Amino acid sequence: LYTGKVINQGSRRGDFVRVIYNLWGENTQLIHSDSSFIEGTQVIYRSGIVTDTVLEPNQSAPFNVQVYIADSINVAYITRDVRWALFD
């Protein structure tokens, strides 16, 4: 279980902010990847779509990513990535 918070240090809102964790083996083979959206601000877009995964400028939001793998698998290193979209 990986937990943390994402901080928007930019000047624009981040829409559908998602944190991705990648678990890698010794020979750079991807063992497993999983992701989760942040627990952000709720927004209703003009299209009618409602989300609570928005991160406003100068705000932070928590996340939890749970990656399930067998105990017998050896993980050499872990990388993470934060992705988002921009909608007006």
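Please refer to the structure placed before this passage.
Numbers given to residues run from 1 along each chain, matching the order in which its sequence is written. Where totals are concerned, whole chains, interfaces and linings use all residues; where local detail is concerned, this predicted model gives features only for residues with pLDDT of at least 70, and gives and counts side-chain atom pairs only at 80 or more. To obtain the side-chain values, all non-hydrogen atoms of the structure were used and water was disregarded.

Draft legend 1. The arrangement of unusual backbone geometry in detail. Its identity as a non-glycine residue notwithstanding, Thr28 has a phi of 55°, on the positive side. Under the DSSP-based scheme used, a helix requires at least four consecutive residues in state H or I and a strand at least two consecutive residues in state E, with every element numbered from the N terminus. Within the secondary structure layout, Thr28 lies in the loop between strand S2 (15-24) and strand S3 (30-37). Phi is positive for Asn58, close to 60°, though the residue is something other than glycine. In this structure, Asn58 sits in the loop between strand S5 (50-54) and strand S6 (60-65).

Draft legend 2. The sheet that holds strand S7 (residues 77-85), seen in detail. With respect to topology, 3 strands assemble into an open sheet ordered S3-S2-S7, the strand pairing being antiparallel. Edge positions in the open sheet fall to S3 and S7, since each of these has one partner strand only. On average, each strand axis in the sheet is tilted by 20° relative to the strand beside it, whichever way the strands run. Only strands joined by at least two bridges in the DSSP assignment are considered to pair. Direction of pairing for S2 relative to S7: antiparallel, over a ladder of 8 bridges. In the sheet register, Val19 faces S7, and the bridge partner there is Val82. Between N-to-C directions, angles span 0 to 180 degrees; the directions come from axes that are lines fitted to C-alpha atoms, helices contributing only their stretch in contact.

Draft legend 3. Expanded view of the nonpolar core. Within the largest apolar cluster, 11 residues are counted, these being Val6, Val17, Val19, Tyr21, Leu23, Ile38, Leu55, Ala61, Phe63, Val65 and Val67. Secondary structure elements with two or more residues in this core: S2 and S6. The biggest single contributor to this core is S2, with 4 residues. What makes two residues a contact is simply this: any of their non-hydrogen atoms within 4.5 Å. Excluding its chain neighbours within four sequence positions, the residues that come into contact with Tyr21 are Tyr2, His32, Ser33, Asp34, Phe63, Val65, Val67, Ile78, Thr79 and Arg80. The definition of a nonpolar core used throughout is a set of buried Ala, Val, Leu, Ile, Met, Phe, Trp, Tyr and Cys residues joined through side-chain atoms within 4.5 Å. Only protein chains enter the accessibility calculation, which uses a 1.4 Å probe; a residue is then buried when its area is under 20% of its type maximum, exposed when over 50%, and partly exposed in between.

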